[in-house]
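Examination of the molecular architecture
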Amino acid sequence: MCSYYGGLNWGLFQANADGLPSAITLSEPAPPTSGFCPIVIGNRDQAKFGEAIAHLIPAVNFYSLGSFGLKVMEVVLGRAGLYLYCNGRVKLWDTTGPLALAKAAGLVCCDLTGRPLSFAPADIDPETLAHKQAIVVGWSRYVELLLPKLEKAVAMVEDRLY
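Along the chain, K71 turns up in helix 2 (residues 68–76). No salt bridge is formed by the buried K71; its nearest oppositely charged neighbour, D45, is found at 8.1 Å.

Below, the structure written as structure tokens:
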């Protein structure tokens, strides 16, 4: 088991239960190619949007694991270029820490239109405290290349065009 912590102008660290904390060396993944495009996506989102995304990004390699925070850390650690979360169930307390670490790593944190993630009342469900925005966390190169296609794929499904 390990924990991650850090902050802007401070660095990122990993602490294991049996050892001293160590600094995380950031390593941006190789840019997406016609055969390589690692995206972390939850099982629900993959079931709903995966086919449409794969239609627009044929090289996509989906995978999923654990919590919102672990998925964000896959991107921070360079194992994936981007994490997409669309299902509208993740709560504020599940996202604030991982998003702070992603920002400290220099990653882009935005919605599908490229708008920065918001914690304003209009963007949070007042009863559940879940995000209303879709969440994209990624290395800038991945976000620049893939965001328009991801936005289109999600819209196609939501508009029942796909």
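Summed over the entire model, instances satisfying the criterion amount to three salt bridges. Between E74 and R79 there is a salt bridge, with the nearest N and O atoms lying 2.7 Å from each other. Under the relative-accessibility criterion, E74 is labelled buried at 9%. We note a salt bridge from R115 to D123, for which the minimum N-O separation is 2.7 Å. Look at R115 and you get partly exposed, because its relative accessible area is 37%.

With that settled, consider the sheet that holds strand 8 (residues 135–138). With mixed pairing, five strands are arranged side by side in an open sheet as 5-4-6-8-7. Unpaired on one side and paired on the other, strand 5 (60–63) and strand 7 (108–110) mark the two borders of the sheet. Taken over all neighbouring pairs, the strand axes of this sheet differ in orientation by 20° on average, direction set aside. Where helix 1 (residues 43–56) meets the sheet, its contacts fall on strand 4 (37–41), strand 5 and strand 6 (82–85), and the angle it forms with strand 5 comes to roughly 175°. On the sheet, helix 2 packs against strand 4, strand 5, strand 6 and strand 8 and is oriented at approximately 150° with respect to strand 6.

Thresholds, definitions, all that
- Residues numbered from 1 in each chain as written.
- Predicted model: local features only at pLDDT ≥ 70, side-chain atom pairs only at ≥ 80, totals over all residues.
- Heavy atoms only, no water.
- Helix = DSSP H or I, 4+ residues; strand = E, 2+ residues; numbered from the N terminus.
- Buried < 20%, exposed > 50% of the residue type's maximum accessible area, 1.4 Å probe, protein only.
- Lys, Arg positive; Asp, Glu negative; His and termini not counted.
- Salt bridge = Lys/Arg side-chain N within 4 Å of Asp/Glu carboxyl O.
- Pairing = 2+ DSSP bridges.
- Axes fitted to C-alpha atoms, helices over the stretch in contact; angles between N-to-C directions.
- Contact = heavy atoms within 4.5 Å.

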